[in-house]
Amino acid sequence: MKNPATHLHAELKIKRGLLSREWVKVQILQFSAEGMLLRTDENLQVGGKAVISLKLPMDFGDIAINKVEINIKDRQKVCSCFDYEVEFNLGGSLLQSDRIRKDLKQIESLLSRYDSLINKIRNGPLSSNNPG
């Protein structure tokens, strides 16, 4: 997994009772079109499934993926939170999964380009890392 995703907004659908569910914000630490690393204080089960919605705000229009299923692959305790490694589960209709896959790849590409640009600025001729 790659790409720091500070600009990517995510909400996880959490079951709160027998019939109630709530959307909670989670922090995305890394992102790829196959999965991501997210941080939350919610207790999710490794091997379980969850539903997440993603939104990448852009000047030319937001890229949004509503209600995509994720598989919980791994969990690490970090202070009072958990870091979860998850993968996207793109089952369902072929048309819908192709659209979601395309949007995930577009988000990955935009985040990668943004990260590359930030690194060039940090390491460029005017940076404090470059004596001159």
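The structure this text deals with has already been given above.
This write-up is about the structure you can find in this document.

## Some remarks on the overall build of the chain
Looking only at helices and strands, the chain features one helix and six strands. Reading the chain from its N terminus to its C terminus gives the helix and strand order β-β-β-β-β-β-α. Of all 132 residues assigned to the chain, the portion counted as buried reaches 34%. Residue pairs at least 24 apart in sequence account for 54% of intrachain contacts in the chain once pairs closer than 6 positions are excluded. About 8,500 Å² of surface is accessible on the chain, with carbon and sulfur atoms providing 50% of the total. On the chain, the mean spot of the 20 positive side-chain charges and the mean spot of the 16 negative ones are 2 Å from each other.

## Concerning the pattern of salt bridges
All chains considered together, the criterion is met by seven salt bridges. Measuring nitrogen to oxygen at the nearest pair gives 2.8 Å for the salt bridge that ties arginine 16 to glutamate 42. One end of the pair, arginine 16, is in the loop between strand 1 (9-15) and strand 2 (21-31); the other, glutamate 42, is in the loop between strand 3 (35-40) and strand 4 (49-56), and 26 residues separate them in sequence. On the accessibility criterion, arginine 16 (40% relative accessible area) is partly exposed. Residue aspartate 83 pairs with arginine 39 through a salt bridge whose shortest N-O separation is 2.6 Å. Remark: arginine 39 occurs in strand 3 and aspartate 83 occurs in strand 6 (residues 81-89); sequence separation between them is 44 residues. Judged by its relative accessible area of 10%, aspartate 83 falls in the buried class. Owing to a relative accessible area of 26%, arginine 39 belongs among the partly exposed residues under this scheme. Each of Arg16, Glu22 and Glu42 takes part in a single network of salt bridges with overlapping partners.

What counts and how
- Residues numbered from 1 in each chain as written.
- Predicted model: local features only at pLDDT ≥ 70, side-chain atom pairs only at ≥ 80, totals over all residues.
- Heavy atoms only, no water.
- Helix = DSSP H or I, 4+ residues; strand = E, 2+ residues; numbered from the N terminus.
- Buried < 20%, exposed > 50% of the residue type's maximum accessible area, 1.4 Å probe, protein only.
- Contact = heavy atoms within 4.5 Å.
- Areas by Shrake-Rupley, 256 points an atom, 1.4 Å probe, with all protein chains shown as cover.
- Lys, Arg positive; Asp, Glu negative; His and termini not counted.
- Charge placed at Lys NZ, Arg CZ, Asp CG, Glu CD.
- Salt bridge = Lys/Arg side-chain N within 4 Å of Asp/Glu carboxyl O.

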